[in-house]
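Chain and residue survey
Residues per chain are reported as follows:
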Amino acid sequence: MTPAELGAAVRSVVAAAVQAGELDVEVPAEVSVERPRVKEHGDYATSVALQLAKKAGRGPREVAELLAARLREVDGVAEVDVAGPGFLNLRLAQGALGEVVRTVVRQGPAFGRNEALAGLAVDLEFVSANPTGPVHVGSVRWAAVGDALGRLLEASGAKVTREYYVNDAGVQIDRFAASLYAASKGLPTPEEGYQGEYVAEWAARALEREPAIADLPETEAVERFRVVGLQVALDEIRGSLASFGVDFDVWSSELALATSGAVDRALQRLRDQGHVYENDGAVWLRTTDFGDDKDRVLVKSDGVGTYFLSDAAYYVDKRSRGFDRCIYMLGADHHGYVGRLKALAACAGDDPAQTLEVRIGQLVNVLQGGQPVKMSKRAGTMVTLEDLVALTGVDAARYTLARSSTDSTLDLDVEAVTRQTSDNPVFYVQYAATRAASVQRNAEALGLTAGDDADLSLLTHPREAELLLALAEFPAVVATAAELREPHRVARYLEESVAKAAQRFWDDCQVLPKGDEEVAPTAAPRLLLWRATRTVLENGLALLGVSAPERM
RNA sequence: GCCCCCGUAGCUCAGGGGAUAGAGCGCUACCCUCCGGAGGUAGAAGCGCAGGUUCGAAUCCUGCCGGGGGCACCA
């Protein structure tokens, strides 16, 4: 019996009590059961009696007793206790607890998925770092978390499009092009230009692609460097993200918004909705109609569109491409954007609460030996995605970045990451998965297979129960993590619940015979439990984009 | 001045109103001739402060203190 099934059972018990006139309350839409912190409190507990007591005008313990009597009749429930102020502590029958193994094994890669977002077309925009240099570790947080979020949303049934917005318009690209030109001529970096070693490299690569640039006069050469340099940059960025396991479906160009007419269409749409006006020669959007602190300029008095106009065009464009919901993952340095983006969506005639979701994540502090490293793309002093991966490997980097909440600033000590590689929790989780695989291998070598008809009621050891309960939680963990957009919950669950329980199970519960021993009756169910454990670890790690190796 | 995030063990972090607040690292003491010890067991150690809401608050609300980020006709 899974927690979801048990919750449903408790709910129907409440309904039955109401039906029978024992309780005068509205039956709650959903009743959930939780794992109690203290083992002695049973396999699961529910506080439903505490919540209903007041509405029913009865004492909580009285309500609990009344529900307990009915719960004891439920199939698969072995024990029901009323505890403390009115908690219902439940213990499942051995067989009912073990059945989760069969559920996991039969569902395989599908175990943990749900349909909460079925049919929803989601545009997930993340990273979107300026294409003027390599992806640095600050952006890598969004690569790891954003991709994991995409996987989570997909596991909840959503159709997810991963999108990268390329800021290929604006003065930073002018400076970038000028810097490439200077580097190609061996000239000093221009004022406000980009320096770093990569600039010369990229300039050389641009020249490889288009050798004729070398012979052009400066103005034209810079123009070509703008175009070809951008291609080099995007290839570089795309490549390093791909090697990190993050593949974007759509690369949207800011420049193309203007040439494709998306800007004009957006402007027209906003005018039609009646939120555009002119003042001091500039064109404004009255975002204050929808809670923004001040109105925003769309077209400056010199006739040039603002960055915000591009944002507007981009949003309207996304919606016109059929997305129900546009999710933006932005760094904390963009938090001031949230208000105007929401107002913008409203100005375009949408309900931002439905169509727009901005996730703000806190920044990454890069430290080296405890000292902060100042990172600047322009000064070329930065730690790149590739530097990080070279130090830690993809799995460790992705796991480390995805296992903490994005509400908190992340301190990433490059030295410590290298030094503590073997202490990284990812290895603890992967090691458990490896053990699961090795048990299977060794079993096969002995000619044993884990048929899914094994007698799971033999799984009576406390360590087995602990592991069974942990595995059963997985679907709820996935659903919650997806709903809250918090991939780190999956990581914490894997390490603190599953891997931990698996290691303890390993320690106390021998599966295969040693030497001349007979094959124990528990061998088959335990083998199957290991298979289920492997599946949950694989599925969970896959949500984070981390591999579950067969061997380490 | 206004807005957003954070403050939990010595350190790095989990804990979306529930019972005795959890991990990793570090520290102390144990276990291990075993299907892979990157392990297991036991222990010391903590919710910034003050109010409020609630049967019940690390969690929700208000204020204060401390840290980080942001408030353009820049991109």
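Residues numbered from 1 in each chain as written. Chains lettered and ligands numbered in written order. Predicted model: local features only at pLDDT ≥ 70, side-chain atom pairs only at ≥ 80, totals over all residues. Heavy atoms only, no water.

The subject of this paragraph is the sheet that holds strand 3 (residues 87–92). Read across the open sheet, the three strands follow the order 1-3-2; overall the sheet is antiparallel. Two strands lie at the open edges of the sheet, namely strand 1 (44–46) and strand 2 (77–83), each paired on one side alone. When strand polarity is set aside, the average angle formed by the axes of neighbouring strands in this sheet is 25 degrees. Direction of pairing for strand 2 relative to strand 3: antiparallel, over a ladder of six bridges. Bridge pairing links Val 77 to Leu 92 in strand 3. (Pairing = 2+ DSSP bridges. Helix = DSSP H or I, 4+ residues; strand = E, 2+ residues; numbered from the N terminus. Axes fitted to C-alpha atoms, helices over the stretch in contact; angles between N-to-C directions.)

Note that soluble globular proteins tend to have their nonpolar side chains buried in a common cluster. If you look at the biggest cluster of nonpolar residues, it comprises 90 residues, and the most contacted ones within it are Leu 23, Leu 67, Leu 88, Val 101, Leu 494 and Leu 544. Mapped onto the domain boundaries, this core takes at least three residues apiece from domain 1 (3–92) and domain 3 (421–543). Leaving out residues up to four positions away in the same chain, Leu 494 has contacts with Val 429, Ala 499, Val 536, Leu 537, Gly 540, Leu 541 and Leu 544. Membership of the second largest hydrophobic core comes to 38 residues, among which are Phe 126, Ala 144, Leu 241 and Phe 244. (Core = buried A, V, L, I, M, F, W, Y, C linked by side-chain atoms within 4.5 Å. Buried < 20%, exposed > 50% of the residue type's maximum accessible area, 1.4 Å probe, protein only. Domains from an automatic or database assignment. Contact = heavy atoms within 4.5 Å.)

Once that is clear, we can look at the environment of Ala 118. Relative to the elements of secondary structure, Ala 118 occurs in the loop between helix 4 (94–107) and strand 4 (121–125). Under the relative-accessibility criterion, Ala 118 is labelled partly exposed at 45%. Expressed as a C-alpha distance, the spacing of Ala 118 and Pro 131, which sit 13 residues apart in the sequence, is 34 Å.

Around RNA strand B there are 64 residues in total, and Arg 37, Tyr 337, Asp 407, Arg 435 and Arg 492 lie nearest to it. The sugar-phosphate share of atoms of RNA strand B within 4 Å of the protein amounts to 62%. One nitrogen or oxygen atom from the side chain of His 488 is found 2.6 Å from a phosphate oxygen belonging to RNA strand B. Listed by contribution, the elements that provide at least two residues to the surface near RNA strand B are helix 2 (48–56), strand 3, helix 6 (171–184), strand 8 (282–285), helix 17 (425–445), helix 18 (462–484) and helix 19 (488–508). The leading source of residues in the surface near RNA strand B is helix 19, at nine residues. Residue composition of the surface near RNA strand B, by class: 23 nonpolar, 21 polar and 20 charged. (Near = heavy atom within 4 Å. Polar contact = N/O pair within 3.5 Å; in protein donor to acceptor, adjacent residues only side chain to side chain. Nonpolar A, V, L, I, M, F, W, Y, C, P; charged D, E, K, R; others polar.)

So, on to the sheet that holds strand 8. Taken together, three strands build an open sheet; the order of strands is 7-8-9 and the sheet is antiparallel. Edge positions in the sheet fall to strand 7 (276–279) and strand 9 (296–299), since each has one partner strand and no second. Averaged over all neighbouring strand pairs, the angle between strand axes comes to 45 degrees, with direction disregarded. Pairing geometry for strand 8 and strand 9, over three bridges, is antiparallel. Across the sheet, the residue bridging to Val 283 is Val 299, located in strand 9.

Time to look at the packing of helix 17 against helix 20 (residues 523–543). Two elements in contact, helix 17 and helix 20, have axes separated by 9 Å at closest approach and are oriented at 140 degrees. The handedness of the crossing between helix 17 and helix 20 is left-handed. The residues of helix 20 that touch helix 17, namely those facing Val 429, Gln 430, Ala 432, Ala 433, Thr 434, Arg 435, Ala 436, Ala 437, Val 439, Gln 440 and Ala 443, are Leu 527, Trp 530, Arg 531, Arg 534, Leu 537 and Leu 541. Here the contact of helix 17 with helix 20 is built from residues that sort into 11 nonpolar, three polar and three charged. (Left-handed = near helix turned anticlockwise from the far one by under 90°.)

A separate point is the side chain of Glu 464. Locating Glu 464 in the fold gives a position in helix 18. A distance of 2.9 Å separates the side chain of Glu 464 from the backbone nitrogen of Thr 460, its partner in a polar contact. Apart from residues no more than four positions distant in its own chain, Glu 464 is found in contact with Leu 458, Leu 459, Phe 505, Cys 509, Arg 526 and Leu 529.

Here we come to the packing of aromatic side chains. Taken as a whole and assessed by the stated rule, the structure comprises 13 aromatic pairs. Ring geometry for Phe 176 against Tyr 194: centres 6.3 Å apart, planes inclined by 85 degrees, an arrangement best described as edge-to-face. Placement of the pair is Phe 176 in helix 6 and Tyr 194 in the loop between helix 6 and helix 7 (196–209), with a sequence separation of 18 residues. Between the aromatic rings of Trp 506 and Trp 530, the centroid separation amounts to 6.0 Å while the plane-to-plane angle is 80 degrees, which identifies the pairing as edge-to-face. Of this pair, Trp 506 sits in helix 19 while Trp 530 sits in helix 20; the two residues are 24 residues apart in sequence, bridging distant segments of the chain. One aromatic cluster is present, formed by Phe 126, Tyr 164, Phe 248 and Trp 251 through successive ring pairs. Lys 318 extends its terminal NZ or CZ atom over the ring of Tyr 328, reaching a point 4.0 Å from the ring centre. (Phe/Tyr/Trp six-rings, centres within 6.5 Å; stacked < 30°, edge-to-face > 60°. Lys NZ or Arg CZ within 6 Å of the ring centre and 35° of its normal.)

Attention now moves to the pairing of strand 5 (residues 159–166). Counting buried residues in strand 5 gives seven out of eight residues, a clear majority hidden from the surface. One ladder, built from five bridges, connects strand 4 with strand 5; its direction is parallel. Residue Glu 125 lies in a different strand from strand 5, and its bridge partner there is Glu 163. Read from strand 4 through helix 5 (residues 137–155) to strand 5, the crossover connection turns out right-handed. (Right-handed = clockwise from strand over helix to strand, strands pointing away.)

Next up on the list: unusual backbone geometry. Phi at Ser 128 is positive, roughly 40 degrees, even though this residue is not glycine. Topologically, Ser 128 is positioned in the loop between strand 4 and helix 5. Exposure remark for Ser 128: the relative accessible area of 14% places this residue in the buried category. The phi dihedral of Arg 485 falls on the positive side, at around 60 degrees, and the residue is not glycine. Tracing the backbone shows Arg 485 in the loop between helix 18 and helix 19.

Looking at where Cys 509 falls in the secondary structure, it is placed in the loop between helix 19 and helix 20. Note: C-alpha distance between Cys 509 and Thr 522 (13 residues apart in sequence) is 9.3 Å. With residues near it in sequence (within four places) discarded, Cys 509 still touches His 461, Arg 463, Glu 464 and Arg 526.

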